[in-house]
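Residue-level listing of the chains:
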Amino acid sequence: MTGITAAITSVGHYLPPDRMTNADLEKLVDTSDEWIVSRTGISERRVLRDPDKATAYMATEAARTLLAKRNIDPSEIDTILVATVTPDMFFPSTACLVQAELGATNAWGFDISAACSGFLFALTTGARFIESGRSKKVLVIGADKMSTIVDYSDRTTCILFGDGAACALLEPDEDGYGLRDYIEHIDGEQKDLLCMKGGGSLNPPSHNTIDAGLHFLHQEGRAVFKYAVTGMADVSARIMERNNLTGDDVRYLVPHQANLRIIDATARRMGIGSEKVMLNIERYGNTTAATIPLCLVDWEHELRRGDNLVLAAFGGGFTWGAAWLRWAYDGSVYPIPEHLAALSANS
Ligand code: UT7
């Protein structure tokens, strides 16, 4: 690849302070810590309890940490892309709300709806604006307040999801670092397996839609699992093959965090060991659009310029894909974030 590439030059995050553990869920539904850990790998997730704060708040806080780290003024941001399925409202977009809160007075932007693949799709979209020369600083945010669409009486879904936000800054690079290649797919034939049917123009809010539970996320877990396990592994293996990357070449797989078993299967297909897999599902559960950038935040201090990363996601729609990127900076220049420092102090 010649010319300008889009490199991630910083990351930021916001995690709500409140934790919901498997023991908390045992009090709500007929489940057990043993079942949840063995079937999913999740021990706890974060929940934003403040009813006056929602996705735009988390997205803005994540952006603020990123800008502060790099000492960037919000007016320097020219593009804001927010991946989410839990926007504060249908419109204005979450990107508009974040723009105003940040004071990003020179930015345009929009939301991207691709469920758990949202961050990946937003990243590759943002990269096109950088590669074309139209944008110089693109803020790509993945944020979801899943607790607002989860039915806490449905044990098959409520154990899976958590709230959170994280983001990456894309800037031009002329030395070949950043996004190198990607493969992305959608398949609306399977729209009913993972969806939220209420609230849109087909089923606008009414007493009936509320009574029928249409404003909650619905997932047919076993069926989705089968598609996810092959979809995510296939696309990750394909991106390696077509770029002649072997398991040895890959520094980290950065997978969407839906289920430990899906992630393990993907790593096996790629021929990489578990030491090369970013995994934080245990602490945050499935935060939908935030999982991949939250991994980048948690592993930033271990990343070095030139590291090859494969990002991979699968989500409702269906949407899925993988991206190969060559990391552009030495993450050890930044202090370890507080939430990780506390983790190592407790272990
Ligand atoms: O992020 C977007 C994409 N989403 C995914 O990738 C999620 C894909 N799916 C999954 O991760 C898994 O299917 C789940 C974690 C959702 C479920 O795991 P599973 O191994 O597929 O379980 P299952 O749905 O086949 O259910 C097995 C049993 C059932 O009981 P019976 O019918 O065998 O008696 C369920 O009723 O486990 C039961 N079960 C539970 N038991 C205790 C389902 N949920 C629970 C629970 N606690 N929370």
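Residues numbered from 1 in each chain as written. Predicted model: local features only at pLDDT ≥ 70, side-chain atom pairs only at ≥ 80, totals over all residues. Heavy atoms only, no water.

### Comments concerning the packing of helix α3 (residues 55–70) against helix α4 (residues 94–102)
Piece 1. Across the interface, α3 lies against α4 with an axial gap of 9 Å and an inter-helix angle of 50 degrees. Judged on the interaxial angle alone, α4 and α3 are oblique. The two elements α3 and α4 meet at a crossing, and its hand is right-handed. Note on element contacts: α4 touches α3 through Thr94, Leu97, Val98, Glu101 and Leu102, opposite Thr55, Ala56, Ala59, Thr60, Ala63, Arg64 and Leu67.
Piece 2. Looking at the contact of α3 with α4 residue by residue, the classes come out as seven nonpolar, three polar and two charged. (Axes fitted to C-alpha atoms, helices over the stretch in contact; angles between N-to-C directions. Helix = DSSP H or I, 4+ residues; strand = E, 2+ residues; numbered from the N terminus. Parallel < 35°, antiparallel > 145°, perpendicular 65-115°, else oblique. Left-handed = near helix turned anticlockwise from the far one by under 90°. Contact = heavy atoms within 4.5 Å. Nonpolar A, V, L, I, M, F, W, Y, C, P; charged D, E, K, R; others polar.)

### Remarks on the site of the ligand
Piece 1. The environment of the ligand is made up of 25 residues, and the closest members are Thr31, Arg39, Arg222, Asn259 and Asn286.
Piece 2. Contacts to the ligand include Arg39, whose side-chain N or O atom sits 2.8 Å from an oxygen atom.
Piece 3. Arg261 places a side-chain nitrogen or oxygen 3.0 Å from an oxygen atom of the ligand.
Piece 4. Protein coverage of the free-state accessible area of the ligand, which is 950 Å², stands at 77%.
Piece 5. Counting only elements with at least two residues in the shell around the ligand, the list comes to α2 (33–40), α6 (155–158), α8 (221–242), α9 (260–270) and β12 (308–315).
Piece 6. The residue inventory of the shell around the ligand, partitioned by class, reads eleven nonpolar, nine polar and five charged.
Piece 7. Viewed by domain, the shell around the ligand spans two of them, domain 1 (5–176) and domain 2 (179–346), each represented by three or more residues. (Near = heavy atom within 4 Å. Polar contact = N/O pair within 3.5 Å; in protein donor to acceptor, adjacent residues only side chain to side chain. Areas by Shrake-Rupley, 256 points an atom, 1.4 Å probe, with all protein chains shown as cover. Domains from an automatic or database assignment.)

### A short note on the environment of Thr65
Piece 1. Residue placement: Thr65 occurs in helix α3.
Piece 2. A relative accessible area of 31% means that Thr65 is categorised as partly exposed. (Buried < 20%, exposed > 50% of the residue type's maximum accessible area, 1.4 Å probe, protein only.)

### Things to note about the sheet that holds strand β6 (residues 138–145)
Piece 1. With respect to topology, five strands assemble into an open sheet ordered β1-β7-β6-β4-β5, the strand pairing being mixed. The sheet is open, and its two borders are formed by β1 (5–14) and β5 (108–112), each paired with just one other strand. Strand after strand, the sheet turns through a mean of 20 degrees between neighbouring axes, direction not considered.
Piece 2. One ladder, built from five bridges, connects strand β4 (residues 79–83) with β5; its direction is parallel. If you follow Thr79 over to β5, its bridge partner there is Trp108.
Piece 3. Helix α11 (residues 291–299) rests against β1 and β7 (163–173) of the sheet, and its axis sits at about 85 degrees to β1. (Pairing = 2+ DSSP bridges.)

### Focus: the domain arrangement of the protein chain
Frequently, the measure chosen for interface size is the accessible area removed from exposure when the parts meet.
Piece 1. Splitting the protein chain by domain gives domain 1 (5–176) and domain 2 (179–346).
Piece 2. Taking only C-alpha atoms into account, the centre of domain 1 sits 13 Å from that of domain 2.
Piece 3. Taken together, the contact between domain 1 and domain 2 spans 55 residues of the former and 52 residues of the latter.
Piece 4. Between domain 1 and domain 2, the buried area comes to about 4,300 Å², and carbon and sulfur atoms account for 64% of it.
Piece 5. Where domain 1 touches domain 2, the interface holds two salt bridges.
Piece 6. Among the salt bridges present, the one from Asp175 reaches Arg305, with a minimum N-O distance of 3.9 Å.
Piece 7. Our count for the contact surface shared by domain 1 and domain 2 stands at 18 residue pairs in polar contact (both at pLDDT 80 or more).
Piece 8. Sort the elements by how many residues they give to the side of domain 1 that touches domain 2 and β1 lands first, with nine residues.
Piece 9. Within the side of domain 1 that touches domain 2, the residues separate by chemical class into 26 nonpolar, 17 polar and twelve charged. (Buried area = accessible area lost by both parts, 1.4 Å probe. Salt bridge = Lys/Arg side-chain N within 4 Å of Asp/Glu carboxyl O.)

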